[in-house]
Amino acid sequence: MNRKKIAAIALIALLLLFPLVVNDIYIQRIAVISCIFAILSLGLGVLVGQVKLVSAGHAGFFGIGAYTSALLTTRADLPFLVGLIGAILITALVGFLFSIPVLRLKGHYLAMATLAFGIVVQMVLLNWETLTNGPNGIPGIPFPSLFTLEIRTDRSMYYFCFLLLLLVLFGLSRLYRSPVGRTFRLIREDDIAAATLGVHVVRYKVIAFTLSAGLAGMAGSLFAHYMTYINYDTFSPLESFMIMAMVVVGGMSTLLGPVVGAVLLSSIPELLRDLADYRMLIYGLVLVVVLLWRPQGILGKKGS
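Conventions we followed
Residues numbered from 1 in each chain as written. Predicted model: local features only at pLDDT ≥ 70, side-chain atom pairs only at ≥ 80, totals over all residues. Heavy atoms only, no water. pLDDT = per-residue confidence, 0-100. Helix = DSSP H or I, 4+ residues; strand = E, 2+ residues; numbered from the N terminus. Buried < 20%, exposed > 50% of the residue type's maximum accessible area, 1.4 Å probe, protein only. Contact = heavy atoms within 4.5 Å. Salt bridge = Lys/Arg side-chain N within 4 Å of Asp/Glu carboxyl O. Phe/Tyr/Trp six-rings, centres within 6.5 Å; stacked < 30°, edge-to-face > 60°. Axes fitted to C-alpha atoms, helices over the stretch in contact; angles between N-to-C directions. Parallel < 35°, antiparallel > 145°, perpendicular 65-115°, else oblique. Left-handed = near helix turned anticlockwise from the far one by under 90°. Nonpolar A, V, L, I, M, F, W, Y, C, P; charged D, E, K, R; others polar. Arc of directions from axis to C-beta. Core = buried A, V, L, I, M, F, W, Y, C linked by side-chain atoms within 4.5 Å. Patch = residues over 30% accessible without salt bridge, like charges linked within 9 Å, V, L, I, M, F, W, Y side chains within 5 Å. Areas by Shrake-Rupley, 256 points an atom, 1.4 Å probe, with all protein chains shown as cover. Polar contact = N/O pair within 3.5 Å; in protein donor to acceptor, adjacent residues only side chain to side chain. Disulfide = S-S within 2.5 Å.

Draft legend 1. Spatial organisation of the confidence of the model for the protein chain. Averaged over the protein chain, the pLDDT score is 89; the fraction of residues at 70 or greater is 93%. Confidence, read as mean pLDDT per element, is least for helix H13 (residues 279-293) in the protein chain (75) and greatest for helix H3 (residues 58-74) (96).

Draft legend 2. Looking closely at the side chain of asparagine 231. By secondary structure assignment, the location of asparagine 231 is in the loop between helix H10 (201-227) and helix H11 (237-250). Look at asparagine 231 and you get buried, because its relative accessible area is 16%. Setting aside chain neighbours within four positions, we find asparagine 231 in contact with Tyr67, Pro135 and Gly137.

Draft legend 3. Examining the pattern of salt bridges more closely. Here the structure, examined in full by the defined rule, presents 5 salt bridges. Residue lysine 205 pairs with aspartate 191 through a salt bridge whose shortest N-O separation is 3.5 Å. Residue lysine 205 is found in helix H10, and its partner aspartate 191 is found in helix H9 (residues 191-196); the two are separated by 14 residues along the sequence. According to the relative accessible area criterion, lysine 205 is buried, its value standing at 6%. What emerges from the salt-bridge pattern is a single network uniting Lys106, Asp191 and Lys205.

Draft legend 4. Structural detail: the packing of aromatic side chains. For the structure shown, the criterion picks out 16 aromatic pairs. With a centroid separation of 5.9 Å and an interplanar angle of 65°, the aromatic rings of phenylalanine 80 and phenylalanine 160 are classed as edge-to-face. Of the two residues, phenylalanine 80 sits in helix H4 (residues 80-102) while phenylalanine 160 sits in helix H7 (residues 154-177), which places them 80 residues apart along the sequence. One aromatic cluster in this structure is built from Phe37, Phe62, Tyr67, Phe223 and Phe235.

Draft legend 5. Molecular detail of the packing of helix H8 (residues 179-189) against H10. In the contact formed by H8 and H10, the axes pass within 10 Å of each other and the chain directions differ by 115°. Taken together, H8 and H10 sit at an angle that is classed as roughly perpendicular. Judged by the twist between their axes, the crossing of H8 over H10 is left-handed. Where H8 abuts H10, its residues Val180, Thr183, Phe184 and Ile187 lie against Val201, Tyr204, Lys205, Ile207 and Ala208. For the contact of H8 with H10, the per-class residue count stands at 7 nonpolar, 1 polar and 1 charged.

Draft legend 6. Summary view of H8. Taken together, the buried positions of H8 are occupied by Gly181, Thr183, Phe184, Ile187 and Arg188. Relative to the axis of H8, the buried residues are bounded by an arc of 160° and lie together on one face. Turned more than 90 degrees off the buried face of H8, the exposed positions are Pro179 and Glu189. On the buried face of H8, the contacting elements are helix H2 (25-50), H7, H9 and H10.

Draft legend 7. Seen up close, the nonpolar core. In terms of nonpolar packing, the biggest core is built from 78 residues, with Leu165, Leu222 and Ile230 touching the most fellow members. For this core, the element with the most residues is H2, which contributes 14 residues.

Draft legend 8. Here's a closer look at a nonpolar patch on the surface. Among the surface-exposed residues, Leu93, Phe96, Leu97 and Ile100 lie close enough to one another that they form a single nonpolar patch of about 350 Å² accessible area. Position of phenylalanine 96 relative to the elements: it lies in helix H4. The class of phenylalanine 96 is partly exposed, set by a relative accessible area of 35%.

Draft legend 9. Broad picture of the side chain of serine 212. Here serine 212 lies in helix H10. Its relative accessible area of 0% is what places serine 212 among the buried residues. Looking at serine 212, its side chain comes within polar contact range of the main-chain oxygen of glycine 43, at 2.6 Å.

Draft legend 10. Focus on the state of the cysteines. With the rule as written, the count across this model stands at 0 disulfides. Cysteine 35 forms no disulfide, and the closest cysteine sulfur to it belongs to cysteine 161, at a distance of 6.1 Å. Cysteine 35 gets classed as buried once you look at its relative accessible area, which sits at 7%. A relative accessible area of 0% means that cysteine 161 is categorised as buried.

Quick look at the structure:
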């Protein structure tokens, strides 16, 4: 067993023991939020890090997943697992349908289109009052449950989210090592060269976009059921910037980089709660410092 595997096992064991050692509920809540945003950032990392696509409206998919799961469990009175799966599938479907026309754009045109998508989603969540309850949001969202087991405590929610995070990491690690993952990286390096080699570039970009949206839907569902209340304001363009910052700070071309960025940028504002009004300023400063110190991100390799 090499050092990397030993280190990975030790880190997982440490994280599993974390809520048993740290009894502070506030710290446990930060850990839960970090896990949820790590899943969200991993989804965006598929786009930004693997196929070099900029999505400036990823909070829109996050919001679709949150509202889908919330509506399925409150209005339709369906179990949490149905809400979670429904959020993943519906958000992935929206990502698929949106990506087909928009991926014909490139550069800043693509970034503007995705930003517009995020703004449109937020306005729909605000104004479609018969479905989303408008500015009042959706209260009374049930806690997550697995069959007869209800996940009510911060400790149990941490373990549930951490398990899902590990499953996402395992799945993405296998994907990145597969022919599909290698094709993603070929497109990232030079999509024109990939096309000349017979790669259907748009098709693979659509796959990446759909997968990214599905992971955002999963994170949205977890967020909604953990907070038990959501409204449109959570899924703003500023939230999209925050998610992008997490990916860039951690290292966009790496598997674990988005996780590190999510933990760092989720924790700092919460630990500095007295400076909550300056959250975006803190994100901006951290982003500038990291880009000056390590342009490739904390875990990124030089030249990546």
